Amino acid sequence: MNNEIPLAERLRPKSLDQYIGQQQIVGPDGPLKLAIRAGALPSIIFWGPPGVGKTTLAQILAEELKKPIFILSAISSGVKDVREVIEKASRKDLLSQAKPILFIDEIHRFSKSQQDSLLGAVERGVITLIGATTENPSFEVIPALLSRCQVYVLEAFGVEQLDQMLERAFEKDEWLQSQNVEVAEKKLLYQMSGGDGRKMLNTLELVVQSLPTDDRRITDDLVQKVVRTKMARYDKTGEQHYDIISAFIKSIRGSDPNASVYWLARMIEGGEDPMFIARRLLILASEDIGLANPTALVMANACYQSVHAIGYPECRIILSQTTVYLATSPKTNATYTAIDAAIAKVRETGDLPVPLHLRNAPTKLMKELGYGKDYKYAHGFQGNFVDQEFLPEAIANTKLYEPGASKREQEIDVFLKTRWKGKYGY
């Protein structure tokens, strides 16, 4: 037993049977389980928060498929390192083996040129690429590389998975077993982890090391005391990253410019990526403001482009301006709830046929089958409006969009009531 190795590393799963969580991709019918059965693994991007098993899963896949694996970190590696791995993978002495896996942790930190250096090897099948990222790959991975990879989303651990992890730790780790510890309370241990399994296990180890000899019980009070005195003030990839951005977004949503710029300052002082902040503002402008002030999205997009062009330190001013503007804008989430309601309806009702009168009829046969028949061209009627059904027959008259209480959306409400005269409940 080597107690100098962190607990999370000592307990790292070695097989899918030991792997906890992410059943949507590793379960019996999950895509990775099917890939293992078929013996054919595509290039992959794992996207998810820290501590959810991205690196572990890559190592397990290599073991299950008997493939050699090369591991690089985008923080400390460059094009030279990538080329060296590709050269090794191309050597004749590897041709008789399975195609190697190249795992790149935090691939979003690679520049465009660094990512470009991977393209040829992925295309030729020299390597199978597995990239891990905590950031949205649509923004951070170049399109040419992204199009050649399957993207799988890994989710933060919930209470059930953390329970399994805690139980396994006391069952498998010799050092923990020797400590005679009682877990009297675990709520704060889980809460502090933020769904990060690695953080939960390492916090557990830290707490156990801090237990007095006369009281070997883990309590919420003890966890709070240990974490407060021994853990970092701001971890850009850990709990504070998610807690502070959450406080920032909720302050803007709550129309409090003072709290909003305070949390913005906390992120700036902590060295947070300004593009991450700008992306969150862009999302919020649509999700929480929407049609109550359509200019908010324009403003947020201009902020995103400006931050990209300028960077720190000057971009802090643009971020502050946009933050205050969004915080002081009227709020509505009507379009956000409308699309979620529509998606739920699609999942509930399935692939409903498009009404015949709404179908395109580019051929004679389609016209003979009634495609496009009885469609009424709105611009041919007074006010550029005509009452006709646009939803599939099975869900006709279903209301999905409900105008909010803001001045702008009340104008939309009047517009809809004037035209639809009671249909959809307007």
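One can find the structure itself at the top, above this paragraph.
Residues numbered from 1 in each chain as written. Predicted model: local features only at pLDDT ≥ 70, side-chain atom pairs only at ≥ 80, totals over all residues. Heavy atoms only, no water.

**Things to note about the overall build of the chain**
Next up, step 1: When its secondary structure is counted, the chain shows 21 helices and 7 strands.
Next up, step 2: C-alpha extents for the chain along the principal axes are approximately 80 × 60 × 45 Å.
Next up, step 3: Burial statistics for the chain: of 426 residues in total, 44% are counted as buried.
Next up, step 4: When contacts within the chain are restricted to residue pairs at least 6 apart in sequence, long-range pairs at least 24 apart make up 72% of them.
Next up, step 5: Here the chain holds 52 positive side-chain charges and 53 negative ones, and the gap between their average locations is 5 Å. (Helix = DSSP H or I, 4+ residues; strand = E, 2+ residues; numbered from the N terminus. Buried < 20%, exposed > 50% of the residue type's maximum accessible area, 1.4 Å probe, protein only. Contact = heavy atoms within 4.5 Å. Lys, Arg positive; Asp, Glu negative; His and termini not counted. Charge placed at Lys NZ, Arg CZ, Asp CG, Glu CD.)

**What to know about the state of the cysteines**
Next up, step 1: According to the stated counting rule, one finds 0 disulfides in the structure shown.
Next up, step 2: Among the cysteines around Cys-303, which has no disulfide bond, Cys-315 carries the closest sulfur, lying 8.1 Å off. (Disulfide = S-S within 2.5 Å.)

**Overview of the pattern of salt bridges**
Next up, step 1: Per the stated rule, a full pass over the model turns up 19 salt bridges.
Next up, step 2: Two residues, Glu-9 and Arg-12, come together in a salt bridge whose shortest N-O distance is 2.9 Å.
Next up, step 3: Arg-148 is the partner of Glu-123 in a salt bridge, and the nearest nitrogen-oxygen pair spans 2.3 Å. With Glu-123 in helix H6 (residues 112-124) and Arg-148 in the loop between helix H8 (143-146) and strand S5 (150-153), this residue pair connects regions lying 25 residues apart in the sequence.
Next up, step 4: In this structure Glu-123 comes out as exposed when scored by relative accessible area, which is 52%.
Next up, step 5: For Arg-148, a relative accessible area of 32% corresponds to the partly exposed category. (Salt bridge = Lys/Arg side-chain N within 4 Å of Asp/Glu carboxyl O.)

**Observations regarding the nonpolar core**
Next up, step 1: Formed by 50 residues in total, the largest nonpolar core has its most connected members in Leu-32, Leu-41, Phe-46, Ile-130 and Leu-204.
Next up, step 2: In contact with Ile-130, other than residues within four places in its own chain, are Leu-41, Ile-44, Phe-46, Ala-58, Leu-61, Ile-101, Leu-102, Phe-103 and Ile-104.
Next up, step 3: With 25 residues, the next largest nonpolar core counts Ile-249, Ala-278, Ala-300 and Val-307 among its residues. (Core = buried A, V, L, I, M, F, W, Y, C linked by side-chain atoms within 4.5 Å.)

**Let's talk about H6**
Next up, step 1: Among the residues making up H6, those that are buried are Gln-114, Gln-115, Ser-117, Leu-118, Leu-119, Ala-121 and Val-122.
Next up, step 2: Looking one or two places after H6, you find Gly-125, whose phi comes out positive at around 80°.

**A few points about helix H4 (residues 54-64)**
Next up, step 1: Turning to H4, its buried residues number three or more, namely Lys-54, Thr-56, Leu-57, Ala-58, Ile-60, Leu-61 and Ala-62.
Next up, step 2: For H4, the secondary structure elements touched by its buried residues are helix H2 (23-26), helix H3 (31-38), strand S1 (44-47), strand S2 (69-73), strand S3 (101-105) and strand S4 (128-133).
Next up, step 3: Within two residues after H4, Lys-66 carries a phi angle of roughly 55°, on the positive side.

**Here's the deal with unusual backbone geometry**
Next up, step 1: Here the residue pair Tyr-312 and Pro-313 is connected by a cis peptide bond, since its omega of 0° sits within 30 degrees of zero.
Next up, step 2: On the secondary structure map, Pro-313 appears in the loop between helix H17 (295-310) and helix H18 (315-327).
Next up, step 3: Look at Gln-22: it is not a glycine, yet its phi comes out positive at around 55°.
Next up, step 4: Here Gln-22 shows up in the loop between helix H1 (7-10) and H2.
Next up, step 5: Gln-22 sits in the buried class, given a relative accessible area of 6%.
Next up, step 6: With a phi angle near 50°, Asn-180 is a residue other than glycine that sits in the positive phi range.
Next up, step 7: Here Asn-180 lies in the loop between helix H10 (174-177) and strand S6 (182-183).
Next up, step 8: Residue classification places Asn-180 among the exposed residues on the basis of a relative accessible area of 62%.

**Quick look at the packing of helix H15 (residues 257-269) against H18**
Next up, step 1: Direction vectors running N to C along H15 and H18 enclose 150°, while the axes themselves pass 9 Å from each other. If you check the angle between H15 and H18, you find them roughly antiparallel. Between H15 and H18 lies a crossing of right-handed hand. Between H15 and H18, the contacting residues are Pro-257, Ser-260, Val-261, Leu-264 and Ile-268 on the first element and Arg-316, Leu-319, Ser-320, Thr-323, Val-324 and Ala-327 on the second.
Next up, step 2: Here the contact of H15 with H18 is composed, by residue class, of 7 nonpolar, 3 polar and 1 charged. (Axes fitted to C-alpha atoms, helices over the stretch in contact; angles between N-to-C directions. Parallel < 35°, antiparallel > 145°, perpendicular 65-115°, else oblique. Left-handed = near helix turned anticlockwise from the far one by under 90°. Nonpolar A, V, L, I, M, F, W, Y, C, P; charged D, E, K, R; others polar.)

**Brief notes about the packing of helix H5 (residues 79-90) against H6**
Next up, step 1: In the contact formed by H5 and H6, the axes pass within 9 Å of each other and the chain directions differ by 10°. Judged by the inter-axis angle, H5 sits roughly parallel to H6. Here Val-79, Val-82 and Ile-86 of H5 come into contact with H6, specifically with Ser-113, Gln-114, Ser-117, Leu-118, Ala-121 and Arg-124.
Next up, step 2: Per-class residue counts for the contact of H5 with H6 are 5 nonpolar, 3 polar and 1 charged.

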